[in-house]
Amino acid sequence: MVMGFEALWKFKPTYFIDSTGYAFSYLLAALVGCEVISYVHYPTISSDMLSKVANRESSYNNSALVATNPLLSSLKLLYYRLFAWSYAKMGALASLVFVNSSWTEDHINSIWGVPDRTVRLYPPCNTSTFLQIPLTPRAPTIVSVAQFRPEKNHRLQLEAFQKFSSQTKGRVKLILVGGVRNEGDRQRVVELQDLARELGIEELVEFEISIPYTRLHEILSAAKVGLHTMWNEHFGIGVVEFMAAGIIPIAHNSGGPKMDIVVPGAGFLATTADEYCDHMIRCFEVLGEEECQGIQEIGRSHVQDTFSDEAFREQFVRNCEMIAQMDLDDNFAEEEEEQSESDDIEELKPENEEFTEL
């Protein structure tokens, strides 16, 4: 709200475009007469978050302390419902709502309730350097690219890889690439390294922490399979980058990867450690080189056609032009109505003057 007030105080635009998720600034914009255009990457609150609190499920957004306490759960649920109600009121002020995925679209439609003004617009993914990587040859390597945060579920990756390695005699290695934000993330990396030792796969697992882009490019140029294990990720740009680089993705069967990114023939979806293991075995033990290359080509083509800068620009401009044209039409109609009223008054003037003279 403060940032929105500061911006609107300095300049009052015709169109107020928000792509940061500050929905409560829409009220200020609407009050000064701006058209609000919103680009939602992730809803501030979702029906999933409400259901987890209502069902008292422990999760990354609902601590075990709250989930196990009836009073705290009731208070948090009341807060969430009040917040969702006010969030919906703010969303309803937008003239045009862009959402970055089918998952986000479903949740925004559920909360904001303006499907007639909501347009799915995939984010621009600049993958030009990855698209230049040759599809073959590929090393016996699996890669994961994700910050070391709890919701990324690296534990599932290690458990699935242990099952896979026990059946393939350790011919394949796993590289976990990710950044750390704070001491909590650094401790999480230590815990994952301990887990790798407990599972007996420490010699097959490498941790690449906060590496430069050149090193990331080198890893993605060689890896054959990419792992993604986050439940209900709103989009999944990491999976897009896998596919652009010619890596076969095995992504979580939920959210953006399921609904928008891993289209039929472009990779695999999984939920449990056993399912991830089966798909890894398929990629390294069952599928031939030509079959793998076919998957790589489908994935890369989908990325180029759907998630490019050009596709984003074209759809964004087209929809904004529609809003601008509607505004022009409304202004023209108002001017015509005012002119018509003015003409009516002019026509009445001689009669009134005559009446006055009599």
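Now for a quick tour of the structure. Everything quoted here is computed from the prediction, not taken from an experiment.

In this structure, Ile142, Phe161, Phe164 and Met280 are the most contacted members of the largest nonpolar core, which totals 34 residues. The dominant element in this core, judged by the number of residues it contributes, is helix 13 (residues 273–286), at 7 residues. Look past the residues within four positions of isoleucine 142 in its chain and what remains in contact with it is Phe161, Phe164, Val172, Lys173, Leu174, Ile175, Val225, Leu227, Met280 and Phe284.

This paragraph deals with empty space enclosed by the protein. Applying the stated criterion to the full structure yields 1 cavity of 30 Å³ or more. Roughly 70 Å³ of internal volume is contained in the largest cavity. Residue lining of the largest cavity: Tyr42, Ser46, Asp48, Met49, Lys52, Ser59, Tyr60, Asn61, Trp103, Trp231 and Asn232, and that is the complete set. At 3 residues, the largest contribution of residues to the lining of the largest cavity is made by helix 3 (residues 47–54). Class assignment for the residues of the lining of the largest cavity results in 5 nonpolar, 4 polar and 2 charged.

Turning to the pairing of strand 3 (residues 96–99), a few remarks are in order. Going residue by residue along strand 3, you find Leu96 and Phe98 tucked away on one face and Val97 and Val99 tucked away on the opposite face as well. One ladder, built from 3 bridges, connects strand 3 with strand 4 (residues 118–120); its direction is parallel. Each bridged residue has a counterpart across the sheet, and for valine 99 the counterpart in strand 4 is arginine 120. Remark: the strand 3/helix 6 (residues 102–112)/strand 4 crossover connection has right-handed handedness.

With respect to topology, 6 strands assemble into an open sheet ordered 7-6-5-8-9-10, the strand pairing being parallel. Each edge of the open sheet carries a strand with a single partner, namely strand 7 (205–209) and strand 10 (268–270). Each adjacent strand pair in this sheet contributes to an overall mean axis angle of 25°, direction not counted. Taken together, the 3 bridges between strand 8 (residues 225–227) and strand 9 (residues 248–252) define a ladder with parallel strand orientation. Residue glycine 226 lies in a different strand from strand 9, and its bridge partner there is proline 249. Its contacts with the sheet put helix 10 (residues 213–222) on strand 5 (141–145), strand 6 (173–178) and strand 7, and the angle it makes with strand 5 is roughly 140°.

Conventions and cut-offs
Residues numbered from 1 in each chain as written. Predicted model: local features only at pLDDT ≥ 70, side-chain atom pairs only at ≥ 80, totals over all residues. Heavy atoms only, no water. Core = buried A, V, L, I, M, F, W, Y, C linked by side-chain atoms within 4.5 Å. Buried < 20%, exposed > 50% of the residue type's maximum accessible area, 1.4 Å probe, protein only. Helix = DSSP H or I, 4+ residues; strand = E, 2+ residues; numbered from the N terminus. Contact = heavy atoms within 4.5 Å. 1 Å grid on protein atoms, 1.4 Å probe; cavity = no way out; pocket = protein on both sides within 12 Å on 5 of 7 lines; lining within 4 Å. Points joined across faces, edges and corners; volume = space filled by probe spheres on them. Nonpolar A, V, L, I, M, F, W, Y, C, P; charged D, E, K, R; others polar. Pairing = 2+ DSSP bridges. Right-handed = clockwise from strand over helix to strand, strands pointing away. Axes fitted to C-alpha atoms, helices over the stretch in contact; angles between N-to-C directions.

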